[in-house]
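Listed here are the chains, written in short residue letters.
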Amino acid sequence: MQPPAPLPPVQPNEPPPLPNNTHALPQARQPFNKNWPVHYLGKMDVICRSCGAFHWMSERLVNSSNRNPLFGMCCTSGKIKLPKLADPPGEILNLLSGQDHIAKKFRENIRKYNNALAMTSLGCKVDDSVNHNGAGPWVFKVHGQLSHKAGSLLPNEGQTPLYSQLYIYDGSEALNYRMSHAANHDLDRGTMQTLQDTLHNHHPGVAMYKQALELTANMPPEHQCKIALRFDERTDRRRYNLPAASAANEIAVIIPGDGDQPQDCRDIVLYRRHGEPLQYISEMHPMYLPFHYVLLFPTGQLGWHRKMLHADVPEGPAQAADDENPVNNNEEVSRKRKYVTQMEWFCYRLFPRVDESLHLFMSGKLLQEFIVDAWAITEQSRLTWIKFNQSKLRIYHRQGIADALAADPTVDTADLGHRIILPSSFSGSTRNMIQHCQDALAINRYYHGADLFLTATANPNWKEIKENLLPGQKSSDRPDLIVRVFHAKMKEMISDIHKNGIMGRTVARVWTIEFQKRGLPHMHMIIFFHPDSKLRTPEEVDSLLSAEFPDEETQPELFELVKSVMVHTPCGNDHNNPNAPCIVDEKCSKNFPKQFQDQTVVTTDSYARLRRRDTGKKVKIG
Ligand SMILES: [Zn+2]
Ligand SMILES: [Zn+2]
């Protein structure tokens, strides 16, 4: 880390601003003025000229102007050009957008329908404990690795057919199997039938499976009755659609040899029926998404693959060196290579656009699963890249072993085995966290201690989120909007505090963003004031901080805000709320209720104790 530039010298005789001279105070320390505007990002109606994505003006790249805004998040200023998300067939669109009972029920159970109809299964540990107490919106949470798996083409003797196997049965038989599955008892038979028929008619995967089954029927035993669904990424670098169902035989190929060859990530290998274990689908296969998310990609539109070129790269023969790296998600590599990364692909897809189907954003719980999947496989790919490129990270390698030994002096180096070292640039790795922590401590030491600890939480009721929901949606259906609004507001808050100095002159900040259990992001920021702006007296503290209710008569908006989002809900046995999240060992871990306090008290070596006068007034919460 670069050492911070030294502070400009402070004139010792320069008088500090007088606390009673309110005009000299920074804006946030002046008495409340009801003409202060409530923050609003404006309408999400600025359109990216390159890709047509809807934006708020404040999402533009900082080096572009309001008159000619450019955007990076959606398409990296035009570098990424993907074909439009294919419209879903009318039957599926009706279920996604309808306001009748059947459509609403469908959306409530959309993950179950998708699972019942998917051609591959989702392998991961789903943590449903967050949804158990019934309060708050549903959350999709997973632990550990995530994978998609495919079974054999036919079920084993005596077993119930599952997943893709159901597509080779005729309609009513498959429907019976699906509806009799224990997980699907509360689903609607008519809806399932509609979806099943629609996929039979539109999803090329169905024809592919049938084709594969036919091809394996008379196979000689040395082929082990297996077949690969292969996508030749080199011949098709800007046309990303599957061939029509009639051309399914171009994709299903017989793999020569006895099957001991390593499996290529371009192949999805299917066994006819041999009690073979479930086959993993490589997340680098472009059918990874359409085979599992059949309701999001009902026409079989292909997902990401490794050889998608950036829009500004001339099409040419692939260079030999391209094949050496298994993944091009590493940013440095992708900059050189000009290929679209998985991350860029998903970012592109997660923006609503003019003239593009919005059905992805209508799919609620399935959208959440899709986003979690996207994150998990993107991270897994980055880890894979690191695993195969350890020699390029040699400098970290040695340091990593040293760290391992330092962390545990009793460790036997032989037990370290083949250790994969994560570079400190890998977000979230231990080394990355330690590095950030050390930076933060260095900043704290340099500026002789911090002044403010600020927490900002995403509010699902923010106007910007509410006014961009699709008909009938709740905020929790749109994690994409929540994080975008939070990010944009956070940027403006940082600029208000540090550029515009609304709380006083600041010299440094350290912050972190976390996601709460319910999926809402929040930020903790530590703020360091310039010596001129430090809060030294109780009056100065009171000018910026308050632990009291604002006056209901003169500050009604502020009063309502504090009442609805800033009060610690009464907790513990005394308040009939023994299971509040703050309760640890039958006591409030945040020390509520707090004592009244007539005056703010400032000490040099501890937190200020804020004024909390006993006015005798009572406010009912909730
Ligand atoms: Zn764009
Ligand atoms: Zn409490």
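Every chain is numbered independently, its residues counted from 1 as its sequence is written. To label them, take the chains in the order written and letter them from A, then take the ligands in the order written and number them from 1. Only residues with pLDDT of at least 70 are given local features in this predicted model, and only at 80 or more are side-chain atom pairs given and counted; all residues enter the totals for whole chains, interfaces and linings. Side-chain figures throughout are based on the complete set of non-hydrogen atoms in the structure, without hydrogens or water.

1. Quick word on the side chain of Asn114
- Segments assigned H or I by DSSP are reported as helices when at least four residues long, segments assigned E as strands when at least two residues long, and all are numbered from the N terminus. Along the chain, Asn114 turns up in helix 3 (residues 110-117).
- Relative accessibility thresholds used throughout: buried, under 20% of the residue-type maximum; exposed, over 50%; partly exposed, between the two (1.4 Å probe, protein chains only). Asn114 sits in the buried class, given a relative accessible area of 0%.
- Residues contacting Asn114, with those up to four places away along its chain left out, are His292, Tyr293, Val294, Leu295 and Leu366. By definition in these notes, contact holds between two residues if any of their heavy atoms fall within 4.5 Å.

2. Remarks on the coordination of the zinc ion (ligand 1)
- For the zinc ion (ligand 1), the full set of protein donor atoms is Cys48 (SG), Cys51 (SG), Cys74 (SG) and Cys75 (SG), and the range of their distances to it is 2.2 to 2.3 Å.
- Donor atoms (N, O, S) are those found within 2.8 Å of the metal centre, with the cutoff raised to 3.2 Å for Na, K and Ca; water is not part of the atom list, so apparent gaps in a site can occur. A four-donor site is classed as tetrahedral when every donor-metal-donor angle falls between 85 and 135 degrees; four donors are called square planar, and six octahedral, when trans pairs exceed 155 degrees and all remaining angles lie between 65 and 115, with any other arrangement labelled irregular. In this structure, the zinc ion (ligand 1) is coordinated by four donor atoms arranged in tetrahedral fashion, with angles at the metal of 104 to 114°.
- Between consecutive donors of the zinc ion (ligand 1), the numbers of intervening residues give the motif C-x2-C-x22-C-C. Placement of the pair is Cys48 in the loop between strand 1 (46-47) and strand 2 (54-55) and Cys75 in the loop between strand 2 and helix 1 (90-97), with a sequence separation of 27 residues.

3. Here we look at the pattern of salt bridges
- Within this document, salt bridges are pairs made up of a side-chain nitrogen of Lys or Arg and a carboxyl oxygen of Asp or Glu, the two lying within 4 Å of each other. For the structure shown, the criterion picks out 15 salt bridges.
- We note a salt bridge from Asp127 to Lys141, for which the minimum N-O separation is 3.7 Å. Here Asp127, found in the loop between strand 3 (121-126) and strand 4 (142-150), pairs with Lys141, found in the loop between strand 3 and strand 4; they are 14 residues apart in sequence, far enough to count as distant.
- Overall, Asp127 belongs to the buried group, its relative accessible area being 13%.
- On the basis of relative accessible area, Lys141 is assigned to the partly exposed category, the value being 29%.
- Between Asp480 and Arg478 there is a salt bridge, with its nearest N and O atoms 2.9 Å apart.
- Judged by its relative accessible area of 2%, Arg478 is buried.
- The network of salt bridges with common partners includes Asp542, Glu548, Arg611 and Arg613.

4. A few points about the sheet that holds strand 3
- In spatial order, the strands read 3-4-8; together these three strands make up an open sheet with antiparallel pairing. This sheet does not close on itself; its edge strands, each paired only once, are strand 3 and strand 8 (279-281). Averaged over all neighbouring strand pairs, the angle between strand axes comes to 45°, with direction disregarded.
- By the bridge criterion, three bridges tie strand 4 to strand 8 in an arrangement that is antiparallel. Looking at the pairing, Ala150 lines up with Gln279 of strand 8.
- Note on method: axes are straight lines fitted to C-alpha atoms, helices fitted across the in-contact stretch only, with angles between N-to-C directions ranging 0 to 180 degrees. In the packing of helix 10 (residues 364-388) onto the sheet, the strands contacted are strand 3 and strand 4, and the crossing angle to strand 4 comes to about 95°. Paired strands, in this sense, are two strands between which DSSP finds at least two bridges.

5. What about the nonpolar core?
- Each nonpolar core is a collection of buried residues, namely Ala, Val, Leu, Ile, Met, Phe, Trp, Tyr and Cys, held together in the definition by side-chain atoms within 4.5 Å. With 70 residues, the main nonpolar core has Leu270, Leu295 and Phe370 as its most contacted residues.
- Ranked by residue count, the leading element in this core is helix 10, at six residues.
- If you look at the next biggest cluster of nonpolar residues, it comprises 27 residues, including Leu452, Ile482, Ala488 and Ile497.

6. Some words on the coordination of the zinc ion (ligand 2)
- The protein atoms that coordinate the zinc ion (ligand 2) are His568 (NE2), Cys571 (SG), Cys582 (SG) and Cys588 (SG), at distances spanning 2.0 to 2.4 Å.
- Around the zinc ion (ligand 2) sit four donor atoms; with metal-centred angles ranging over 102 to 117°, the donor geometry is tetrahedral.
- Sequence positions of the donors to the zinc ion (ligand 2) reduce to the motif H-x2-C-x10-C-x5-C. Taken together, the residues Cys571 in the loop between helix 16 (556-565) and strand 12 (583-584) and Cys582 in the loop between helix 16 and strand 12 connect sequence positions 11 residues apart. Here the two residues Cys571 and Cys582 agree in accessibility, since each one is buried.

7. Side note on the confidence of the model for the protein chain
- Per-residue confidence for the protein chain averages 81 on the pLDDT scale, and 80% of its residues sit at or above 70.
- Long-range and interchain partners of residues 317-329, a stretch whose pLDDT sits below 50, account for 35 contacts in this model, where long-range means more than four residues apart. Note: pLDDT gives the predictor's confidence per residue, expressed from 0 to 100.

8. Focus: the sheet that holds strand 10 (residues 506-515)
- Pairing within the open sheet is antiparallel, and its three strands lie in the order 9-11-10. The outermost strands of the open sheet, each flanked by one partner alone, are strand 9 (452-457) and strand 10. Sheet twist, expressed as the average angle between the axes of neighbouring strands with direction ignored, equals 20°.
- As defined by bridge partners, strand 9 adjoins strand 11 (residues 521-529) across six bridges and the pair is classed as antiparallel. When the bridges of strand 11 are listed, Phe453 appears paired with Ile526.
- In the packing of helix 14 (residues 479-499) onto the sheet, the strands contacted are strand 9, strand 10 and strand 11, and the crossing angle to strand 11 comes to about 10°.

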